[in-house]
Amino acid sequence: MTASDVLAELRESVLERGVPARPDQVLELLRLPDSRVEELLELAHRVRMRWCGPEVEVEGIVSLKTGGCPEDCHFCSQSGLFASPVRSAWLDIPMLVEAAKQTAKTGATEFCIVAAVRGPDERLMSQVAAGITAIKDEVDINIACSLGMLTASQVDALAAMGVHRYNHNLETARSYFPEVVTTHTWEERWDTLRMVRDAGMEVCCGGILGMGETLEQRAEFAGQLAELEPDEVPMNFLNPRPGTPFGELEPMDGAEALRTVAAFRLALPRTVLRFAGGREITLGDLGARRGLLGGINAVIVGNYLTTLGRPAEADLDLLDELSMPVKALNQTL
Ligand code: SF4
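Given the structure is predicted, the values throughout are model-derived calculations rather than measurements.

Calculation criteria
Residues numbered from 1 in each chain as written. Predicted model: local features only at pLDDT ≥ 70, side-chain atom pairs only at ≥ 80, totals over all residues. Heavy atoms only, no water. Near = heavy atom within 4 Å. Nonpolar A, V, L, I, M, F, W, Y, C, P; charged D, E, K, R; others polar. pLDDT = per-residue confidence, 0-100. Contact = heavy atoms within 4.5 Å. Phe/Tyr/Trp six-rings, centres within 6.5 Å; stacked < 30°, edge-to-face > 60°. Helix = DSSP H or I, 4+ residues; strand = E, 2+ residues; numbered from the N terminus. Buried < 20%, exposed > 50% of the residue type's maximum accessible area, 1.4 Å probe, protein only. Expected span 1.5 Å × (residues − 1). Pairing = 2+ DSSP bridges. Axes fitted to C-alpha atoms, helices over the stretch in contact; angles between N-to-C directions. Parallel < 35°, antiparallel > 145°, perpendicular 65-115°, else oblique. Left-handed = near helix turned anticlockwise from the far one by under 90°. Salt bridge = Lys/Arg side-chain N within 4 Å of Asp/Glu carboxyl O.

Every residue lining the ligand is accounted for by Cys69, Glu71, Cys73, Phe75, Cys76, Ser79, Ala116 and Val117. For the shell around the ligand, the class distribution of residues is 6 nonpolar, 1 polar and 1 charged.

Below is the structure:
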């Protein structure tokens, strides 16, 4: 199939009919020469506008428990197994509420509480419960959580606390996962995601691109995400952290990152596709603009978990300039 064939084919199937691109089509897109990337970005933008609309979802994240994780995800500076600079620390409830207030002030509709753990223990579950109660008392915002792998009873407990969305990333293609993590399996992550969906919470699941996976594995991953049908997919690009096993990898080239975002949009035409960590290092200051015109329809404001992001105002000003309204809270309920 030639490049123009695959774009013409997808214009008809994804743009006109909303049928997700198959992994073999995604692979064709990932192999497009740089000279065709603009055409692909334009198609991804049209698909996003047609099937999601112009609104952009804004989310803030806060780390309740940072560092000291027993798992060995090779990209992660929060693993306690590597010589990474992130030390273990906990946030208290008043600071959590303050972070939720600051997030709501930006117009964000989702506030995600994150902990660097394999899965929550009793202490973490009770901290999260207390935090959610305190936030709900004072702040009007949807609460999301990202607390690692869950048991069935923990899934039920979080649903009962009113958690709106649960984040758990598959991180990469099933076939590449053993090269990235050895302390748990891709299937264990998948099981948590199914339980979250069955309990009625929204599913947020994405991964990190540029960890040494092949283009075939990137396309495979897009297909696996499409099969899961998550409500939201955060797309991270590897920001190689010193001291981690992936610390010496090169950041992904900007054109390749944009091509990947656009290809994932065509595989996930109706999903909230979020720019998450690593976009600054991969794409620079222009990245937000190019991505928002190439398939992205959600952003994280403020700081990421372990590295600094761009200030909230910069992203909000950009949305204004692009005439893309921030999704209102009542649209997300
Ligand atoms: S990605 Fe999550 S589970 Fe893996 S080491 Fe980092 S904090 Fe732990």
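This next bit is on the confidence of the model for the protein. Averaged over the protein, the pLDDT score is 88; the fraction of residues at 70 or greater is 89%. Contacts of residues 304-309 to residues separated by more than four positions or lying in other chains number 21 contacts, the stretch itself having pLDDT below 50.

What follows is about the packing of aromatic side chains. Per the counting criterion, the structure on display carries 2 aromatic pairs. Ring geometry for Trp186 versus Trp190: centroids 5.2 Å apart, planes at 15°, classification stacked. Of this pair, Trp186 and Trp190 both sit in helix H7 (residues 186-198), 4 residues apart, which is roughly one turn of that helix. By relative accessible area, which is 15% here, Trp190 ends up buried.

A few words now on helix H3 (residues 37-51). Taking 1.5 Å per residue, 15 residues should reach 21 Å; H3 reaches 21 Å between its end C-alpha atoms and fits that length. Taken residue by residue, H3 has Val37, Leu40, Leu41, Leu43, Ala44, His45, Val47 and Arg48 as its buried positions. Remark: Gly53 follows H3 within two positions and exhibits a positive phi of approximately 90°.

Turning next to the pairing of strand E1 (residues 57-66). Every other side chain in a regular strand lies on the same face of the sheet, so the side chains alternate between the two faces. Counting buried positions along E1 gives 10 out of 10 residues, so the element sits mostly inside the fold. In the sheet, E1 pairs with strand E10 (residues 298-300) via 3 bridges, with the strands oriented parallel. Paired with Glu57 across the bridge in E10 is Ala298. Summarising the sheet, E1 and strand E3 (residues 110-115) pair through 6 bridges and their orientation is parallel.

All right, on to the packing of helix H4 (residues 93-105) against helix H5 (residues 122-138) then. A pair of packed helices is characterised by two quantities: the angle between their axes and the separation of those axes. At a closest axis distance of 9 Å, the pairing of H4 and H5 adopts a crossing angle of 45°. Considering their axes alone, H4 and H5 lie oblique with respect to each other. Crossing angle aside, the handedness with which H4 passes H5 is right-handed. Counted together, Ile93, Leu96, Val97, Ala100 and Lys101 of H4 and Gln127, Ala130, Gly131, Ala134, Ile135 and Glu138 of H5 form the full contact between these two elements. When grouped by side-chain class, the residues that make up the contact of H4 with H5 number 7 nonpolar, 2 polar and 2 charged.

What follows concerns the pattern of salt bridges. Applying the stated criterion across every chain yields a total of 22 salt bridges. For Lys101, the salt bridge identified is with Glu138, shortest N-O distance 2.9 Å. You can see Lys101 sitting in helix H4 and its partner Glu138 sitting in helix H5, a full 37 residues away along the chain. Each of Glu57, Glu59, Glu110, Arg165, Glu202, Glu232, Arg274 and Lys327 takes part in one network of salt bridges that share partners.

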